[in-house]
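Chain residues, written in single-letter form:
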Amino acid sequence: LTAASVLSIFMVPLIIRFHERTNFTPYTARVYCGELWRTCSSRAVWQPMGFIFMYAVLFVSNSAWREFLKSVLGFTPNQLNALLIVSAGMAFFGLVLYKFVLMRCSWRWIFIGGILLNGVFSSL
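Source: prediction; values computed, not measured.

Q: Would you mind showing me how to read the overall build of the protein here?
A: For the protein, the count of helices and strands is 6 helices and 0 strands. The order of helices and strands in the protein, counted from the N terminus, is α-α-α-α-α-α. On C-alpha atoms alone, the protein measures out to a radius of gyration of 22 Å, which is more than a quarter above the 14 Å that the 2.2 N^0.38 rule sets for 124 residues. Taken along the three principal axes of its C-alpha coordinates, the protein extends 65 × 50 × 25 Å. Going through the 124 residues of the protein one by one, you find that 6% of them count as buried. If you sum the accessible surface of the protein, you get close to 11,300 Å²; carbon and sulfur atoms cover 72% of it.

Q: Where do I start with the packing of aromatic side chains in this structure?
A: We describe a pair of aromatic rings using the distance from one ring centre to the other and the angle between the two ring planes. If you walk through the whole model with that rule in mind, you get 2 aromatic pairs. A ring pair is formed by Y27 and Y32, whose centres lie 5.8 Å apart and whose planes are at 90°; its orientation type is edge-to-face. Its relative accessible area of 55% is what places Y27 among the exposed residues.

Q: Which parts of the structure should I look at to understand the pattern of salt bridges?
A: Any two side chains of opposite charge can pair, so long as their charged atoms come close to each other. With the rule as written, the count across this model stands at 1 salt bridge. E35 is the partner of R38 in a salt bridge, and the nearest nitrogen-oxygen pair spans 2.5 Å. Of this pair, R38 and E35 both sit in helix 2 (residues 29–40), 3 residues apart, which is roughly one turn of the helix.

Q: Sorry, what's going on with the packing of helix 3 (residues 43–57) against helix 5 (residues 77–100) here?
A: Between two packed helices, the angle of one axis relative to the other and the distance separating the axes together describe the packing. Contact pair helix 3 / helix 5: the axes reach a minimum separation of 11 Å and the direction vectors enclose 175°. Taken together, the axis directions place helix 3 and helix 5 in an arrangement best described as roughly antiparallel. Along its contact with helix 3, which presents P48, F51, I52 and Y55, the element helix 5 presents M90, A91, G94, L95 and Y98.

Q: When you look at a nonpolar patch on the surface in this model, what are you seeing that I'm missing?
A: Nonpolar side chains collect at one region of the surface, where V86, M90, F93, L97, F100 and V101 lie side by side and expose about 580 Å² of accessible area between them. Tracing the backbone shows M90 in helix 5. Residue classification places M90 among the exposed residues on the basis of a relative accessible area of 51%.

Q: I would appreciate a short explanation of the environment of S41 in the present structure.
A: By the element assignment, S41 lies in the loop between helix 2 and helix 3. Judged by its relative accessible area of 40%, S41 falls in the partly exposed class. The spacing of S41 and M11 is 30 residues in sequence and 36 Å in space, taken between C-alpha atoms. Within polar-contact distance, the side chain of S41 engages the backbone oxygen of R38 at 3.2 Å.

Q: Honestly, the packing of helix 4 (residues 63–71) against helix 5 in this entry has me stumped. Any pointers?
A: Two elements in contact, helix 4 and helix 5, have axes whose closest approach is 10 Å; the angle formed by their N-to-C orientations is 140°. The angle between helix 4 and helix 5 falls in the class oblique. In this structure, helix 4 crosses over helix 5, and the sense of that crossing is right-handed. Residues R66, L69 and K70 of helix 4 form the contact with helix 5, whose own contacting residues are L80, N81, L83 and L84.

Parameters and conventions
Residues numbered from 1 in each chain as written. Predicted model: local features only at pLDDT ≥ 70, side-chain atom pairs only at ≥ 80, totals over all residues. Heavy atoms only, no water. Helix = DSSP H or I, 4+ residues; strand = E, 2+ residues; numbered from the N terminus. Rg over C-alpha atoms; globule rule 2.2 N^0.38 Å. Buried < 20%, exposed > 50% of the residue type's maximum accessible area, 1.4 Å probe, protein only. Areas by Shrake-Rupley, 256 points an atom, 1.4 Å probe, with all protein chains shown as cover. Phe/Tyr/Trp six-rings, centres within 6.5 Å; stacked < 30°, edge-to-face > 60°. Salt bridge = Lys/Arg side-chain N within 4 Å of Asp/Glu carboxyl O. Axes fitted to C-alpha atoms, helices over the stretch in contact; angles between N-to-C directions. Parallel < 35°, antiparallel > 145°, perpendicular 65-115°, else oblique. Contact = heavy atoms within 4.5 Å. Patch = residues over 30% accessible without salt bridge, like charges linked within 9 Å, V, L, I, M, F, W, Y side chains within 5 Å. Polar contact = N/O pair within 3.5 Å; in protein donor to acceptor, adjacent residues only side chain to side chain. Left-handed = near helix turned anticlockwise from the far one by under 90°.

Have a look at this one:
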């Protein structure tokens, strides 16, 4: 059994609980766009989402670094793939940490903590 088939087996009983409303008036595209703009222009929305967007976009595998690891340090393809998997897991952990912990903190304290962590890891 694959993970997708197991997941679908657990999801099928929940389909019965789906309910679609039929007695409502649909909004126009102008009203929807206005609501989206009002929501996105709120600082409470665009600041955290901007951070998450930049965090995800800048998570790019550096080909020069991979080549250095392979040719100079002698990493095998399995080790490189394991490193990539661990780094993707750490990126996911960072997003979850931001969502559940750092969203409630001041940006100043996050910045200071990042500088301190960078100093500690750089000195190792």
